[in-house]
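Spelled out, the chains give:
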Amino acid sequence: MSRRSSNTPEVPQAKDALDRFKFEVANEIGVPLKQGYNGDLTSRENGSVGGEMVRQMIRRQEEEMANRQ
């Protein structure tokens with residue numbers, strides 16, 4: 001059984017789109033995320049970006065599912 005890093009996309013072809021989405025979300029919520037090293041950001045700031053990404057992805061999927069019914 002191989003173990004994958006939690007930072008590895010399930011669909012590798014989506015990596016660039018996920019990176020763009022991450023920066024878009026960070027900008028929306030006011031987190032000064034930049035390319036490269038972001039060790040100057042707090043865990044709370046970094047976590048808020050990931051949490052908001054998940055919320056938006058779930059909302060989009062729910063909307064898509066609702067539209068199919």
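Residues numbered from 1 in each chain as written. Predicted model: local features only at pLDDT ≥ 70, side-chain atom pairs only at ≥ 80, totals over all residues. Heavy atoms only, no water.

As for the overall build of the chain
Counting secondary structure elements, the chain contains two helices and zero strands. On C-alpha atoms alone, the chain measures out to a radius of gyration of 14 Å, which is more than a quarter above the 11 Å that the 2.2 N^0.38 rule sets for 69 residues. Summarising its shape, the C-alpha atoms of the chain cover approximately 45 × 35 × 20 Å along the three principal directions. Considering the chain as a whole, with its 69 residues, one finds that 17% of them fall into the buried category. For the chain, restricting intrachain contacts to residue pairs at least 6 apart in sequence, the fraction spanning at least 24 positions comes to 34%. (Helix = DSSP H or I, 4+ residues; strand = E, 2+ residues; numbered from the N terminus. Rg over C-alpha atoms; globule rule 2.2 N^0.38 Å. Buried < 20%, exposed > 50% of the residue type's maximum accessible area, 1.4 Å probe, protein only. Contact = heavy atoms within 4.5 Å.)

Quick look at the pattern of salt bridges
Applying the stated rule across the entire model yields five salt bridges. A salt bridge links Asp19 to Lys22, with the nearest nitrogen and oxygen atoms 3.9 Å apart. Of the two residues, Asp19 and Lys22 are both situated in helix 1 (residues 15-29); the distance of three residues between them amounts to about one turn of the helix. For Lys22, a relative accessible area of 30% corresponds to the partly exposed category. Linking Arg55 and Glu52 is a salt bridge whose minimum nitrogen-to-oxygen distance equals 3.1 Å. One end of the pair is Arg55 and the other is Glu52, both in helix 2 (residues 43-68) and three residues apart, which spans about a single turn. (Salt bridge = Lys/Arg side-chain N within 4 Å of Asp/Glu carboxyl O.)

Thoughts on the environment of Ala14
Its location among the elements puts Ala14 in the segment before helix 1. Taking the relative accessible area as the measure of exposure, Ala14 reaches 25% and is therefore partly exposed. As for Ala14 and Glu64, which are separated by 50 residues in sequence, their C-alpha atoms are 19 Å apart.

What to know about the nonpolar core
One recurring pattern in soluble globular proteins: nonpolar side chains tend to sit buried together. Counting eight residues, the largest nonpolar core consists of Phe21, Val25, Ala26, Val31, Leu33, Leu41, Val49 and Met53. Residue assignment for this core shows that the elements contributing at least two residues are helix 1 and helix 2. With three residues, the top contributor of residues to this core is helix 1. For Phe21, the residues in contact, after removing those within four places along its chain, are Met53, Gln56, Met57 and Arg60. (Core = buried A, V, L, I, M, F, W, Y, C linked by side-chain atoms within 4.5 Å.)

With respect to helix 1
The periodicity of an α-helix, 3.6 residues per turn, causes residues three or four places apart in sequence to face the same way. For helix 1, spanning 15 residues, the distance from its first C-alpha to its last is 21 Å, which sits close to the expected 21 Å at 1.5 Å a residue. All buried positions along helix 1 are accounted for by Phe21, Val25 and Ala26. Buried residues of helix 1 fall within an arc of 135° about the axis and therefore sit on the same side. Among the exposed residues of helix 1, those pointing more than 90 degrees away from its buried face are Asp16, Arg20 and Asn27. Of the surrounding elements, those touching the buried residues of helix 1 are helix 2. Phi for Gly30, located one or two positions after helix 1, is positive at around 80°. (Expected span 1.5 Å × (residues − 1). Arc of directions from axis to C-beta.)

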